[in-house]
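Residue-level structure breakdown
So you can see what is in the structure, the chains are spelled out below.
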Amino acid sequence: MLPRHRLAVTRTPSRVARVAWSGLLAASLACGDGGPVHVEAPVGSVAFTITEDTITAGTARTFAVNVQTADGQPMPDAAVVWGSTDAAIATVDGRGRVSAARGGAARIVASVRGVSDTLTLTVHRATVFQLSVSGIAEPLAEGDSARLTITLRAPNGAVIDDGRAVQYRSSAPAVAVVDASGVVRALTPGHVTITATSDDRTGTLELDVVRASVASVDLRAGAALLIPGRALQLSANPIDRHGRTLTGRAITYSSSNSTVASVSATGFVTGHAIGSVSVTATAEGTRATIAVQVVVPPASAYSIDTRFIGPVAPDAADAVRAAVARWSRVITGDLPDAQITLPANGCFAGTPAVHERVDDLLLLVMVDSVDGAGGVLGHAGPCVVRTNGLPIVGVIQLDRDDLAWVMRDGLAVDLIAHEIGHVLGIGPFWDGSSSVVGLRSASPGFVGARAREAQAAVGYAATAAMPVPIENEGGPGTRDAHWRDRTFGDELMTGWLNARGNPLSLITVNALADLGYAVTPTGAEPFAFSFERQAPSAQLSRPERRVAEREILPRWLVDADGRLTRAR
C-alpha cells in the first residue's frame, strides 16, 4: 500500500505506473484514457536562512526561505506568503523584499500552506544626512502665521518619516517667532532666519515680514448725537484682511460740513450748528464714514441739591458744583419726590438731621480728616434709596489732607464727579444686582443691555453681547466697584485717577439707564477705546493714581409716603 500522499496522476496507454518526487509528486497511472491530474506534495518545513537580522530605516533587503517536503525534498517552486508583525516599522512584499520604515523591532513571517517561520528584525533609526526647510514661499504680513515643512533624508536619499524631533530657532524673535511645532508667527516688519535642527543636521529658511495692509476701518462714535459746543470722540481702528486690529497706523479725519461739526486730527468731533454731517476716517487709503447729528440740547428735569456739612474752601466748593454739573447734563428724567426725615448721624457720624421733601437727590458733602494724606481719599454712596433702588439722599466725605494734592494736580472735579457716580449707583448697587455677573471672580461683568451697546459703540467689543468688564484687581472699595482699569484706562469710573483727564463716557451714561435713570447720550464726554491702551508699556506709563476709597452702602429705604425702613 502506498503512503497517503496526494498524487499527480497522468493516464497513459500503458498499464505501468511511474512515480517521481521533485517538490511535487508526479504519478502516471495507467487508468485508461483521460487528462493528467496533479497532486501537490505536503509541506514539511519552512526555514529562514538566518533567524535574526538588523537593518537601517529607509533601506531595504530581500530575505529567502528554504521550503521542504516531509521527507526533506526541496520545494523551490513553493508559493510563499510574506508578512510583518508591525508594518509601521517594516513592510515586506510578495518576493520577500523588506523595506524598513522606522526604528524598532518587527518579525517577518514566511508561510507556505500553513507551515511558517519567523525572522526577528531590528530596525535602527536612519541617520539624518540632509534637512531641508520649506513651506513658506512668500513674505508673511505682520500678524500672519504659517507652518514650516521639514524634510529629512537618510544618506541613501530616502525620506525619513519616523516622527523625528525637530528643534526650531528664530534669529530675530522681535520680527517673527516659531513654536515647537514649526508654526511661524510674524510680529513686526523685518528679516529673519528660521533654523531647524534634527540629529545635529540643520536647515534654514530666510523670511521677510512685511507690513500688513489695511483692509477696512472700524469707525465708531460713543454717541452719534451732539449739542452745539460739545464734542464726542471717534474710535477708528484699522483692520487687516483677517479681521485683526492694526496698531500704530496713521488715521486722518474729515467732515462733510465743518460749519455744522468739525473734526480734529485726533478724532474729536465738535458740534457748531444744528444739522447732520458725515465724518470720514482714512487709514492708508481705506475709508469709513459715520453720520453725526448736532441737535438742540434736551432740558433736564433731574435736580441735585448739594448741601455742604461744615466749612468747605471756596475752590473745593466750586469743584463740587462743577462735578454736579457734569452729571446734570447726563440725567434728564425726574424721579418721584419723597418726604425725608432722618435723625442726626443717620447716614454716618457728623451728618445732620434731615426733615424736608427731596426732589430728586439731596447730596451731603463733608470735607474732613479721614486718615491723613496718602490713604483713603473719601467715602461715598447712597444713604437713602427709593423702593425702585435709586438714591434720594447721598453722602460724600472727602479727606482734607488728600484733597490738597488733588486740588493742586487739577483732579478735584474728576475725583468728586467719580464719588457722585458711586452715590448714583455705579458700584454700590452691583452686589446682588441682576445687571452684574461674576462678582468676586476673575471675570466680573456688567450685563445691562444699554451699557453693553455703549461698550460696542466706543470700540471695545465687536458686538453688544460681551459684558462690560468690572475691576478684578485691588482691595475692598476698588475691586468689584469700578470699571476695569486695564480695559478702560482713563474712564471716570475706573478705580484710578488719570492725569490726562477722566471722561464720563457713554458706557457709564448707559449703565445709569440700565439702573433706571432717564439719560441723554449728548451728556456723554468724548471717550474711545484704544487697543494701544492694552499694551504692557501703556499700562506701566499711564500717569494715574489709585482712588483709595470706602463705599457707603444704602442704610435706609423710603416709600412714597416717606416711611423709612432699614435697608440692611
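Criteria and thresholds
Residues numbered from 1 in each chain as written. Predicted model: local features only at pLDDT ≥ 70, side-chain atom pairs only at ≥ 80, totals over all residues. Heavy atoms only, no water. Disulfide = S-S within 2.5 Å. Helix = DSSP H or I, 4+ residues; strand = E, 2+ residues; numbered from the N terminus. pLDDT = per-residue confidence, 0-100. Contact = heavy atoms within 4.5 Å. Axes fitted to C-alpha atoms, helices over the stretch in contact; angles between N-to-C directions. Parallel < 35°, antiparallel > 145°, perpendicular 65-115°, else oblique. Left-handed = near helix turned anticlockwise from the far one by under 90°. Nonpolar A, V, L, I, M, F, W, Y, C, P; charged D, E, K, R; others polar. Polar contact = N/O pair within 3.5 Å; in protein donor to acceptor, adjacent residues only side chain to side chain. Expected span 1.5 Å × (residues − 1). Buried < 20%, exposed > 50% of the residue type's maximum accessible area, 1.4 Å probe, protein only. Salt bridge = Lys/Arg side-chain N within 4 Å of Asp/Glu carboxyl O. Phe/Tyr/Trp six-rings, centres within 6.5 Å; stacked < 30°, edge-to-face > 60°. Pairing = 2+ DSSP bridges. Core = buried A, V, L, I, M, F, W, Y, C linked by side-chain atoms within 4.5 Å.

**Here we look at the state of the cysteines**
- Inspection of the entire model under this criterion finds one disulfide.
- C347 shares a disulfide with C383; S-S distance 2.1 Å. Disulfide C347-C383: torsion about the S-S bond near -100°, hence left-handed. Here C347, found in the loop between β33 (338–342) and β34 (354–358), pairs with C383, found in strand β36 (residues 378–386); they are 36 residues apart in sequence, far enough to count as distant.

**Overview of the confidence of the model for the chain**
- Of the residues in the chain, 88% have a pLDDT of 70 or more, and the chain-wide mean is 86.
- Here residues 532–543 is a poorly scored stretch, pLDDT under 50, and it has 26 contacts once near neighbours within four places are set aside; other chains count.

**Section: the packing of helix α4 (residues 449–457) against helix α6 (residues 506–515)**
- Running from N to C, α4 and α6 point in directions that differ by 165°, and their axes come no closer than 7 Å. When the interaxial angle is binned, α4 and α6 end up roughly antiparallel. As α4 packs across α6, the resulting crossing turns out to be right-handed. Where α4 approaches α6, its residues A449, R450, A451, A454, Q455 and A457 are matched on the opposing element by L506, I507, N510, A511, A513 and D514.
- Broken down by class, the residue content of the contact of α4 with α6 amounts to eight nonpolar, two polar and two charged.

**Brief notes about the environment of D431**
- Relative to the assigned elements, D431 resides in the loop between α3 (412–424) and β38 (436–437).
- For the pair D431 and D480, spaced 49 residues apart in sequence, the C-alpha to C-alpha distance is 8.3 Å.
- Beyond its immediate stretch of four places on either side in the chain, D431 contacts L439 and R440.
- In this structure the side chain of D431 is engaged in a polar contact, spanning 3.4 Å, whose partner is the side chain of R440.

**Focus: the side chain of T494**
- The topology assignment puts T494 in the loop between α5 (485–488) and β41 (496–498).
- Among the polar contacts made by the side chain of T494, one reaches the main-chain carbonyl oxygen of E491 at a distance of 3.2 Å.
- When residues no more than four places from it in sequence are discounted, the contact partners of T494 are H418, H482, W483, R484, D485, F488 and G489.

**Details of α3**
- Its 13 residues place the ends of α3 18 Å apart at the C-alpha level, agreeing with the 18 Å of an ideal helix rising 1.5 Å per residue.
- By the criterion of burial, α3 is predominantly enclosed, with twelve of the 13 residues buried.
- Of the residues one or two after α3, G425 is the one with positive phi, at around 125°.

**Focus: the packing of helix α1 (residues 314–328) against α3**
- Between α1 and α3, the shortest axis-to-axis distance is 8 Å and the interhelical angle comes to 55°. As far as their axial angle goes, α3 and α1 are oblique. You can see that α1 and α3 cross each other, and the crossing is right-handed. Taken together, the residues of α3 that come into contact with α1 (itself represented by A316, A319, V320, A322, A323, V324, R326 and W327) are A412, V413, D414, I416, A417, I420, G421 and L424.
- Grouping the constituent residues of the contact of α1 with α3 by class yields 13 nonpolar, one polar and two charged.

**Observations concerning the pattern of salt bridges**
- In total, this model carries 23 salt bridges according to the counting rule given.
- A salt bridge links E142 to R249; its shortest N-O distance comes to 2.6 Å. Taken as a pair, E142 in the loop between β15 (140–141) and β16 (145–147) and R249 in the loop between β26 (231–239) and β27 (252–255) lie far apart in primary sequence, 107 residues in all.
- Residue R249 is classed as buried on the basis of its relative accessible area, which comes to 9%.

**A short note on the packing of aromatic side chains**
- Under the definition given, this model contains six aromatic pairs.
- Taking 5.2 Å as the distance between ring centres and 40° as the angle between the ring planes, the aromatic pair formed by W430 and W483 counts as tilted. Residue W430 is located in the loop between α3 and β38, and its partner W483 is located in the loop between β40 (468–469) and α5; the two are separated by 53 residues in the primary sequence. Taken individually, W430 and W483 each receive the classification buried, so the pair is uniform in this respect.
- Here the aromatic cluster, defined as three or more aromatic residues joined through ring pairs, consists of W430, F446 and W483.

**Digging into α1**
- A rise of 1.5 Å per residue sets the reference length of α1, with its 15 residues, at 21 Å; its end C-alpha atoms lie 21 Å apart and thus fit the reference within 8%.
- If you check which residues of α1 are buried, you get A316, A317, A319, V320, A323, V324, R326 and W327.

**Describing the sheet that holds strand β28 (residues 261–263)**
- The sheet built from four strands is open, its strands ordered β24-β26-β29-β28 with antiparallel pairing. Every interior strand has two partners, whereas the edge strands, β24 (216–221) and β28, have only one. Going from strand to strand, the sheet's axes swing by 25° on average, the running direction of each strand aside.
- Pairing geometry for β28 and strand β29 (residues 268–271), over three bridges, is antiparallel. What sits directly across from S262, in β29, is T270.

**Notes on the nonpolar core**
- Among the nonpolar cores identified, the biggest contains 61 residues, and W327, I420, L424, F446, W483, L512 and Y517 are the most heavily contacted of them.
- At the level of elements, α1, β35 (361–368), β37 (391–399), α2 (400–408), α3, α4 and α6 are the ones that each hand at least two residues to this core.
- Those residues within four positions of Y517 in sequence are excluded, and the remaining contacts are Y302, I331, L335, L390, P391, L424 and L512.

**Some words on the pairing of strand β17 (residues 149–153)**
- Here strand β14 (residues 130–134) runs beside β17; their pairing, made up of five bridges, is antiparallel. Looking at the pairing, S132 lines up with T151 of β17.
- Relative to strand β18 (residues 159–160), β17 runs antiparallel, the two sharing two bridges. If you follow R153 over to β18, its bridge partner there is V159.

**Some words on the environment of P343**
- Residue placement: P343 occurs in the loop between β33 and β34.
- For P343 and V354, which are eleven residues apart along the polypeptide, the C-alpha to C-alpha distance reads 6.6 Å.

**So, the sheet that holds strand β21 (residues 183–186)**
- With antiparallel pairing, three strands are arranged side by side in an open sheet as β16-β21-β20. Each edge of the open sheet carries a strand with a single partner, namely β16 and β20 (176–178). If you compare each strand with its neighbour and ignore which way they point, the axes differ by 20° on average.

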